[in-house]
Every structure is written in structure tokens, then in C-alpha cells.
Amino acid sequence: MKRSVLLFLAALLLIPAFAVSAAGTKESAAAPEKKSYVIALSNSFYGNTWRKQMVDMMQKAADDAQSQGLISKFIVNNGDGTVNTQLAQLNSLILSHPDAILINAASATGLNGAIAKAVQQGITVVVFDSLTSSTDAYQITYDMSSWGKIAADYVVKRLNGKGNVLMTRGVVGSAPEKEIYDAVNKVFSQNPGIKVLGEVDTEADNAKAQAAVANLLPSLPNIDAVLTEGSYGVVQAFLAAGRKVPLVIGNNRAEFIRWWVDEKAKNGYETISLGSEPSIGQIAFWLAIDILQGKKVPEMKAQPYLLPLVAVTNETVDKYKDIQPGTVIAQNYTHEWVDSHVLNQ
């Protein structure tokens, strides 16, 4: 009898422990599984160093995210610089319904309909670098107007308000290029002593800049300054023509930076270099992850989020003397960096 009572009491003592264990198992089964996202990139143009480095750095972020189980797939679509091609690619992406689409846009207005359609279907859209006028997407870029103003102000100051200038444009039609171009023209319009003798399209590519400037040089008198794209190609065009290299505003490409370091050491060459970072694509990528995870982000729809440009001067250029050829000055942006520097601002 005594043994039966003891066994009964022992059974009663086990019931709460079993109940807690069962409840724990039930709660664990009910917890939502960690979502693994599909992220897509729609890149309007792939024809220069900056864009190629951008895609490479985004792939690096995607590989990191995939190793952490944050994404299951990263889709990359590169366009030819036209709105029609990017629209076709976007519509195809929307049909495949990724969780987020990251867009470097070919037009400020031409993609708005596709962006609205994507958002209506529950797809998160982040536009970066070259922006749109859409208010449906999160948008992040660099302060491109300041690029044009700083470059033009520097030229005016160095030339004492009087001189002949050649303008080398970037990817014409893109929002960043237009902002830079408009800002330069605004400064020059206030300084009538600055004469713009010509413009060439470079697509922000050294080889194309060299060819375009070489074709124009025979018809031009003395050039005092050149801005703002294809800077190393510009240098090569002047050297090949046997003409003195004027004041050339740099664009943070390795070839120009390395030439500048050498020329500064030999002849005291002085200029400035400005640029956005192709690693902005990494910021957009991690931002999309944060949005999908429900984290609170700053307002980026009514007003784009602006990042500061990377500016290089004669005093700081030597720190970049070992920059890898074929690259642009850019730091690697991690998920942790985005959370601490963008989300927490």
C-alpha cells in the first residue's frame, strides 16, 4: 500500500514537468520560420567601370546574405541604358514575384508605372543611385548637385573666373548626370568669364572619353579645364595630342587617381576628385532586407535619402595611391553598417 502511494505521488510530480515540456514543444512549432527572401536587381546600364563594380559588390553582399540564410536567391538583370529594355526586364521580374526589386533607373519618369505595379503586388522596391520621380519606392542616392557645384566652383576659383572649359558628360539621360550637369551650368552662368567651348558624352567610361575628346581637340583652342567624367581618358587624349594636360576634375577612378599621385610627385599637379561609391548598391541591398524584416527605416519616399560624396584633394590623394586598377574608390558596406548608420539616423 505504501509503495502504491509513493508511485502515485511520483507520477503527480512528473505531470507539471511534462506539461511544460509539451507546451514548449507546441510553442516552438507555432513560431514562424525565418523567411529567406528572393531579391532582384534591375540595373539599367552595365557599360562602365562604376556599374560593373556596383554589380560585383552587390553580389558580394548577396553571397553574405545567402550564407546567413537571409536570402535564397539574388537575380541580376543588366540593361543597355534604354528605358524600353529596363521596362521589359522589370515586367518580367514582377511576373516572377521576388520579395524585393532594387532599381538603378534609366529614367526619372519612365519606370514609374512598373514600380507602382510591383508595389501593388506586395513587392518592396528600392531605387538607388539613379532615381525616379515615383513616390511608391524607397529611394537612396548621393548628393549629385553638390558634385556639380563643388567641381564648377573649384574650376572658377582656379581659373580666377576666366577661362575656356570643356565639359565631359557621364551617362546622359540618367538622373545623377542631369543633376551634376545642371549644377555645373548654374555656377558657370553666374561667371560669364568661363566659356564652355564644347561638350562630349563619355558614358563615364575612360576609353569613350578619350575617343570623344581626341575627336574634338583639333577644332578647339587652348583648354584651361575639363570636367566632370572620363577624367583619365581626358588626360590620355591631351597627352596623345601633344597638348599640355589642363586642370582636369577627377571622378575617383583608379587610373586617374594613380596618374594624379605620380604627376603630383613629379610636377606638383593639383586638382580635386569627386564621386559616388558603387557600393551604394550594397546599402540598397541591406536596406531591402531590413524593410522586409519589418525594421523601421527613415523616410525615403517623399524625399530621397542622400549620402555624402567621396571627395579627394591634393592633401588626401596619397592615401588612395594603391587603389586597384579598374576600380572606383568605394568601401564595403555590411548589414551592420547600414543598421547603425542609416536606420538609426
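Residues numbered from 1 in each chain as written. Predicted model: local features only at pLDDT ≥ 70, side-chain atom pairs only at ≥ 80, totals over all residues. Heavy atoms only, no water.

Peer 1: An account of the overall build of the protein is needed here, citing residue identities and associated values.
Peer 2: What the protein contains, in helices and strands, is 11 helices and 12 strands. A globule of 345 residues ought to have a C-alpha radius of gyration of about 20 Å, yet the protein, at 27 Å, is considerably larger. Each principal axis of the C-alpha atoms in the protein carries an extent, and together these give about 115 × 45 × 30 Å. Taking all 345 residues of the protein together, the buried fraction comes to 50%. Total accessible area on the protein is roughly 16,200 Å²; 55% of this is exposed by carbon and sulfur atoms. Placing the 30 positive and 32 negative side-chain charges of the protein at their respective mean positions leaves the two points 3 Å apart. (Helix = DSSP H or I, 4+ residues; strand = E, 2+ residues; numbered from the N terminus. Rg over C-alpha atoms; globule rule 2.2 N^0.38 Å. Buried < 20%, exposed > 50% of the residue type's maximum accessible area, 1.4 Å probe, protein only. Areas by Shrake-Rupley, 256 points an atom, 1.4 Å probe, with all protein chains shown as cover. Lys, Arg positive; Asp, Glu negative; His and termini not counted. Charge placed at Lys NZ, Arg CZ, Asp CG, Glu CD.)

Peer 1: An account of the packing of aromatic side chains is needed here, citing residue identities and associated values.
Peer 2: The full count for this structure, using the stated rule, is 6 aromatic pairs. Where Phe-256 meets Trp-259, the ring centres are 5.7 Å apart and the plane angle is 40 degrees; that geometry is what we call tilted. Of this pair, Phe-256 and Trp-259 are both found in helix 9 (residues 254-267), 3 residues apart, which corresponds to roughly one turn of the helix. The residues Phe-256 and Trp-259 share a single accessibility class, namely buried. With a centroid separation of 5.1 Å and an interplanar angle of 85 degrees, the aromatic rings of Phe-285 and Trp-286 are classed as edge-to-face. Per residue, the accessibility class of Phe-285 equals that of Trp-286, and both read buried. Clustering of aromatic rings is evident, with ring pairs tying together Phe-256, Trp-259, Trp-260 and Tyr-269. In this structure, Lys-52 packs its charged tip against the face of Tyr-46, placed 5.9 Å from the ring centre. (Phe/Tyr/Trp six-rings, centres within 6.5 Å; stacked < 30°, edge-to-face > 60°. Lys NZ or Arg CZ within 6 Å of the ring centre and 35° of its normal.)

Peer 1: Describe the sheet that holds strand 1 (residues 37-43), listing the residues and the values that go with them.
Peer 2: Pairing in this open sheet of 6 strands is parallel, and the strands run 2-1-3-4-5-11 from one edge to the other. The sheet terminates laterally at strand 2 (71-78) and strand 11 (305-307), the two strands that pair on one side only. Ignoring which end each strand starts from, the neighbouring axes of this sheet average 20 degrees apart. Pairing between strand 1 and strand 2: 7 bridges, direction parallel. When the sheet's bridge partners are listed, Asn-43 is paired in strand 2 with Asn-78. (Pairing = 2+ DSSP bridges. Axes fitted to C-alpha atoms, helices over the stretch in contact; angles between N-to-C directions.)

Peer 1: Break down helix 10 (residues 280-292) for me, citing the residues and quoting the values.
Peer 2: Here helix 10 spans 19 Å end to end across 13 residues, near enough to the 18 Å set by a 1.5 Å rise per residue. Burial within helix 10 is extensive, with 12 of its 13 residues counted as buried. Just downstream of helix 10, Gly-294 is the residue with a positive phi angle, here 85 degrees. (Expected span 1.5 Å × (residues − 1).)

Peer 1: Could you give me a rundown of the pairing of strand 5 (residues 138-142), with the residues and numbers involved?
Peer 2: With respect to burial, strand 5 is a largely interior element, 5 of its 5 residues being buried. Relative to strand 5, strand 4 (residues 124-128) runs parallel, the two sharing 3 bridges. Within the sheet, the bridge partner assigned to Val-127 lies in strand 5 and is Gln-139.

Peer 1: Tell me about the packing of helix 8 (residues 231-240) against helix 9, residues and numbers included.
Peer 2: The axes of two packed helices give the description: the angle between them and the distance between them. Viewed as axis vectors pointing N to C, helix 8 and helix 9 meet at an angle of 55 degrees, and their least axial separation amounts to 7 Å. In this view, helix 8 runs oblique relative to helix 9, as classed from their interaxial angle. Between helix 8 and helix 9, the contacting residues are Ser-231, Tyr-232, Val-235 and Leu-239 on the first element and Glu-255, Phe-256 and Trp-259 on the second. A per-class count over the contact of helix 8 with helix 9 returns 5 nonpolar, 1 polar and 1 charged. (Parallel < 35°, antiparallel > 145°, perpendicular 65-115°, else oblique. Contact = heavy atoms within 4.5 Å. Nonpolar A, V, L, I, M, F, W, Y, C, P; charged D, E, K, R; others polar.)

Peer 1: Quick one: what's the story with the packing of helix 10 against helix 11 (residues 335-343), residue by residue and with numbers?
Peer 2: Axis separation between helix 10 and helix 11 bottoms out at 9 Å; the angle between their running directions is 80 degrees. In terms of axis orientation, helix 10 runs roughly perpendicular to helix 11. Contact with helix 10, carried on its side by Ile-283, Trp-286, Leu-287, Ile-289 and Asp-290, involves His-335, Trp-337, Val-338, Asp-339, Val-342 and Leu-343 of helix 11 and no other residues of that element. Its residues assigned to classes, the contact of helix 10 with helix 11 comprises 8 nonpolar, 1 polar and 2 charged.

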